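# Fold and geometry: a report
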Amino acid sequence: MRTEPLFLTRKSESEKKFRDSVRMAQEAIIRSFSSLDKPYSGLSPEQISELWRENNTVPEYGQSLEAVIERVASNVLSHSAVVTHPTCIAHLHCPPFIAAIAAELLIAATNQSMDSWDQSMAATFVEEQLIRWLCELFGYTESSDGVFTSGGTQSNLMGLLLARDAAIAHRFNWNVQQQGLPPEGGKLRILCSEAAHFSIAQSAALLGLGQQAVVAVKTDETYRMCTVDLERTLDSLKDQGLIPFLLVATAGTTDYGSIDPLLSLRAIADTRQLWLHVDAAYGGALMLSKQHQSKLAGIELADSITVDFHKLFYQPISCGAFMLKERHNFRWMKLHADYLNPHDEAEHIPNLVGKSLQTTRRFDSLKLYMSLQHIGTNVFGEIIDYTIELSEQFARRLEEHQQFELLHEPEINAVVFRYVPSYIPDHYDADTWSDELNAYLREELLGQGVAVLARTRNKGRACLKVTLLNPETTIADLQFIIDQIITIGRQYHLEEVR
Ligand SMILES: *Cc1c(COP(=O)(O)O)cnc(C)c1O
């Protein structure tokens with residue numbers, strides 16, 4: 001048996017090992033962030049794979065932690081996206097608050113599990129307190145409840161699951177948990193906009209309804225769900241004898257940040273007796289902004305809400321929540337395990353396992369708790385306001401240049417645009433040329449380490465996307481990217497002409 005301490009205990013040699021280890025990790029991170037003035041080293045997938053071919057053995061005998069950290073620093077940290085860099089702006093992939101990183105250390109070291117109270121005594125109350133705060137923030141009531149999740153995908157799955165089981169119980173007097181899907185299962189339909197997140201279709205598949213159950217409603221020119229098309233679709237489903245039971249609204253679509261008209265959707269859901277789930281994975285953070293909160297008006301009327309904290313709440317991955325307007329609906333997923341203290345309930349001891357799809361679960365709420373305590377909701381709101389203002393400015397800059405086409409007015413802080421070629425070679429189709437050029441621009445910006453941008457498609461055509469979550473990104477950083485794109489685009493034309 002080795003003598004080197006493996007765990008943090010009261011022994012002084014163990015405390016020293018812990019301090020040294022954390023300090024080494026800390027130094028490695030600081031070094032990797034300060035040595036790179038680019039958002040990415042620029043290595044291609046082939047080059048990274050090559051690097052790893054030499055480092056893929058698991059040794060029989062261990063080595064010093066210092067050596068291990070060194071190798072991770074040079075092979076992993078050095079070739080990671082620098083999420084705090086002002087031009088690392090591709091996805092809903094945020095720089096994490098320092099307060100939350102400190103919280104991660106506390107979470108890992110204490111290793112509380114949120115399933116039963118006897119594995120997370122004080123932690124249970126931190127999570128419950130934050131859930132109360134979230135219920136108030138989203139305009140929910142005393143009878144509302146929620147739970148922390150691994151993110152939007154899990155929260156959406158929960159929303160769909162509870163809506164499915166509640167609908168089937170009410171309509172067919174049938175218990176899905178016990179009996180599986182009823183014979184009418186194949187007729188159930190979920191409506192969401194064509195801009196909704198793919199996890200809706202994925203959840204429908206997982207829930208045995210099949211992707212056929214998801215009916216995409218058209219969006220209008222601002223990428224919001226079109227209520228006229230929704231009504232038309234509902235009528236048509238009814239005519240076909242199908243059974244719509246759930247309407248999923250998106251508050252902050254992943255590409256455009258567009259927000260579906262929540263109040264109108266609530267009214268339609270009421271008339272048609274549909275559960276309304278609001279996927280606010282991205283846009284939920286607007287509740288903290290005095291300036292933009294009104295964009296989510298009506299969210300308090302949703303039957304359930306998805307919110308992600310590892311996006312516009314600046315938490316390290318993973319951190320999300322699922323909110324439920326009427327807590328009694330959690331009953332559709334509750335199962336009992338004898339070893340998880342079923343008699344605690346009678347004694348009012350909270351075991352959170354009954355509200356989650358997970359059993360063992362991280363104490364992620366501590367990150368959000370510490371961030372809110374440290375930063376306060378005012379600064380939180382100002383950060384969000386700044387990034388929305390920045391997106392607005394960026395959109396105006398794009399419009400000033402004839403080389404760019406802005407594909408929408410930014411609603412939150414995602415901006416989708418396209419580089420417009422000034423010239424199309426004879427043997428090329430205009431769309432193909434534009435698609436190839438836009439794809440090339442993104443790769444070149446990444447390869448040169450200038451910026452990490454995302455690509456997406458708009459009406460089938462390639463375009464570029466930025467998600468401006470970082471409050472340290474300035475309009476000068478974005479102008480730099482615009483200039484680089486113009487330079488690279490011009491070069492591409494010249495090479496082709498030659
Ligand atoms: C990111 C996102 C999701 C998925 O959330 P994860 O945390 O990545 O699982 C779902 N819906 C929307 C609108 C999102 O932006």
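What counts, and where the lines are drawn
- Per chain, residues are indexed from 1 in the order of the written sequence.
- The predicted nature of this model means local features are confined to residues of pLDDT at least 70 and side-chain atom pairs, given and counted, to a pLDDT of 80 or more, with totals for whole chains, interfaces and linings taken over all residues.
- Neither water nor hydrogens contribute to the side-chain values; these are computed over all heavy atoms in the structure.
- Every helix listed is a DSSP run of H or I at least four residues long, and every strand listed is a run of E at least two residues long, numbered separately from the N terminus.
- At least two DSSP bridges between two strands are needed for those strands to be called paired.
- Orientation is described by axes fitted as lines to C-alpha atoms, over the contacting stretch for helices, and by angles from 0 to 180 degrees between their N-to-C directions.
- Between two residues, a contact is recorded if the distance between any of their heavy atoms is within 4.5 Å.
- Nonpolar cores are built from buried Ala, Val, Leu, Ile, Met, Phe, Trp, Tyr and Cys residues. Side-chain atoms within 4.5 Å join them into one set.
- Accessible area is worked out with a 1.4 Å probe on protein chains only. A residue is then buried under 20% of its type maximum, exposed over 50%, and partly exposed in between.
- Segmentation into domains, and thus their bounds, comes from an automatic or database assignment.
- Grid points spaced at 1 Å and placed over the protein atoms alone form the basis of the search, with a cavity being a set where a 1.4 Å probe fits but cannot get out and a pocket an open set showing protein on both sides within 12 Å along at least five of seven lines. Lining residues have an atom within 4 Å of a point.
- Grid points are joined across faces, edges and corners, and a volume is the space filled by probe spheres set on the points.
- Here a Phe, Tyr or Trp ring, Trp counted by its six-membered ring, pairs with any other such ring whose centre lies within 6.5 Å, and the pair is stacked when the planes are under 30 degrees apart, edge-to-face when over 60, and tilted otherwise.
- The rule for a residue being near a molecule or strand is that one of its heavy atoms must lie within 4 Å of it.
- Polar contacts here mean pairs of N or O atoms no more than 3.5 Å apart (in protein, one a potential hydrogen donor and the other a potential acceptor; neighbouring residues in sequence count only if both atoms are side-chain atoms).
- Calculation of accessible area relied on Shrake-Rupley with a 1.4 Å probe; when residues are assessed, cover is drawn exclusively from the protein chains displayed.
- By the convention adopted, Pro, Cys, Tyr, Trp, Phe, Met, Ile, Leu, Val and Ala count as nonpolar, Lys, Arg, Asp and Glu as charged, and the other residues, Gly among them, as polar.
- The rule for a salt bridge is simple: a side-chain nitrogen of Lys or Arg has to be within 4 Å of a carboxyl oxygen of Asp or Glu.

Phi is mostly negative for residues that are not glycine, and the peptide bonds are mostly trans. Each neighbour pair has its own omega, and for Ile 317 with Ser 318 the value is -5°, a cis peptide bond. If you trace the backbone, Ser 318 turns up in the loop between strand 6 (304-308) and strand 7 (320-324). With phi around 50°, Asn 173 is a residue other than glycine that occupies positive phi space. Mapped onto the secondary structure, Asn 173 falls in the loop between helix 6 (152-172) and helix 7 (176-179). Of note, Gln 273 is a non-glycine position whose phi angle comes to about 55°, a positive value. By secondary structure assignment, the location of Gln 273 is in the loop between helix 10 (262-272) and strand 5 (275-280).

Once that is clear, we can look at the sheet that holds strand 6. Spatially, 1-7-6-5-4-2-3 is the arrangement adopted by the seven strands of the open sheet, whose pairing is mixed. Strands at the two margins of the open sheet, each flanked by one partner only, are strand 1 (145-149) and strand 3 (214-217). Recorded for the sheet is a direction-independent mean angle of 20° between the axes of neighbouring strands. Examined bridge by bridge, strand 4 (residues 243-250) and strand 5 share five bridges and lie parallel to one another. Note on strand 5: the bridge partner recorded for Thr 250 is Asp 279. Sheet strands in contact with helix 6 are strand 1, strand 2 (188-193), strand 4, strand 5, strand 6 and strand 7, and its direction is about 155° off that of strand 4. Docked against the sheet, helix 10 engages strand 4 and strand 5, running at close to 155° with respect to strand 5.

One finds Leu 134, Leu 230, Leu 247, Val 278, Ile 299 and Phe 309 to be the most contacted residues of the largest nonpolar core, which totals 59 residues. In terms of residue count, the dominant contributor to this core is helix 11 (residues 365-400) (seven residues). If you count residues domain by domain, this core takes at least three from each of domain 2 (113-362) and domain 3 (376-497). Once you skip the residues sitting within four places of it in the chain, Phe 309 turns out to touch Leu 134, Phe 148, Tyr 314, Gln 315, Cys 319, Gly 320, Ala 321 and Leu 368. Cys 192, Leu 207, Ala 213 and Phe 245 belong to the second-largest nonpolar core, a separate cluster that totals 32 residues.

A few words now on the layout of surface pockets. In this structure, the largest pocket encloses a volume near 1,400 Å³. Contributing to the lining of the largest pocket are 36 residues, with Ile 29, Phe 33, Pro 96, Phe 97 and Ile 101 lying nearest its centre. Contributions of two or more residues to the lining of the largest pocket are made by helix 1 (12-35), helix 4 (98-110) and helix 11. Considering each element in turn, the lining of the largest pocket owes the most residues, seven residues, to helix 1. As a volume, the second largest pocket reaches approximately 670 Å³. If you trace the second largest pocket, you find 28 residues lining it, with Thr 253, Thr 254, Asp 255, Thr 456 and Lys 465 closest to the centre. A total of five residues in the lining of the second largest pocket trace back to one element, the largest contributor, which is strand 10 (residues 454-458).

Read from one edge to the other, the open sheet built from four strands follows the order 8-9-11-10, with strand pairing classed as antiparallel. Only two strands of the sheet have a single neighbouring strand rather than two, namely strand 8 (404-406) and strand 10. Neighbour-to-neighbour, the strand axes of the sheet open up by a mean angle of 40°, direction not taken into account. Direction of pairing for strand 8 relative to strand 9 (residues 414-419): antiparallel, over a ladder of three bridges. When the bridges of strand 9 are listed, Phe 404 appears paired with Tyr 419.

Turning next to the packing of aromatic side chains. Tallying each qualifying case throughout the model produces 13 aromatic pairs. Among the aromatic residues, those joined into a ring-pair cluster are Phe 97, Phe 148, Phe 309, Phe 313, Tyr 314 and Phe 380.

On to the site of the ligand. Taken together, the neighbourhood of the ligand is formed by 16 residues, with Thr 153, Asp 279, Asp 308, His 310 and Lys 311 sitting nearest. One of the side-chain N or O atoms of Thr 254 is found 3.1 Å from an oxygen atom in the ligand. A distance of 2.9 Å is found between an oxygen atom of the ligand and a side-chain nitrogen or oxygen belonging to Lys 311. Computed on the free molecule, the ligand has an accessible area of 380 Å², of which 86% lies beneath the protein chains in the complex. In terms of residue count, the dominant contributor to the shell around the ligand is helix 6 (three residues). Here the shell around the ligand is composed, by residue class, of three nonpolar, ten polar and three charged.

Before going further, it helps to examine the domain arrangement of the protein chain. Per the domain assignment, the segments of the protein chain are domain 1 (15-80), domain 2 (113-362) and domain 3 (376-497). Of the residues lining the interface, four residues belong to domain 1; the matching set on domain 3 comes to seven residues. In this assembly, domain 1 and domain 3 are joined by zero salt bridges. At the junction of domain 1 with domain 3, the criterion picks out zero residue pairs in polar contact (both at pLDDT 80 or more).

Moving on: the pattern of salt bridges. Going through the model one piece at a time under the given rule, you end up with 30 salt bridges. Notably, a salt bridge pairs Asp 364 with Lys 367, separated by 3.1 Å at the nearest N-O pair. Among the ionic contacts, a cluster of salt bridges with common partners joins Glu 104, Arg 362, Asp 364 and Lys 367.

So, on to the environment of Glu 300. Looking at where Glu 300 falls in the secondary structure, it is placed in the loop between strand 5 and strand 6. Distance in space between the C-alpha atoms of Glu 300 and Tyr 369 is 22 Å, their sequence separation being 69 residues. Those residues in contact with Glu 300, other than ones at most four positions away along the chain, are Phe 138, Gly 139, Tyr 140 and Lys 325. Polar contacts involving the side chain of Glu 300 include one to the main-chain amide nitrogen of Gly 298, which spans 3.1 Å.

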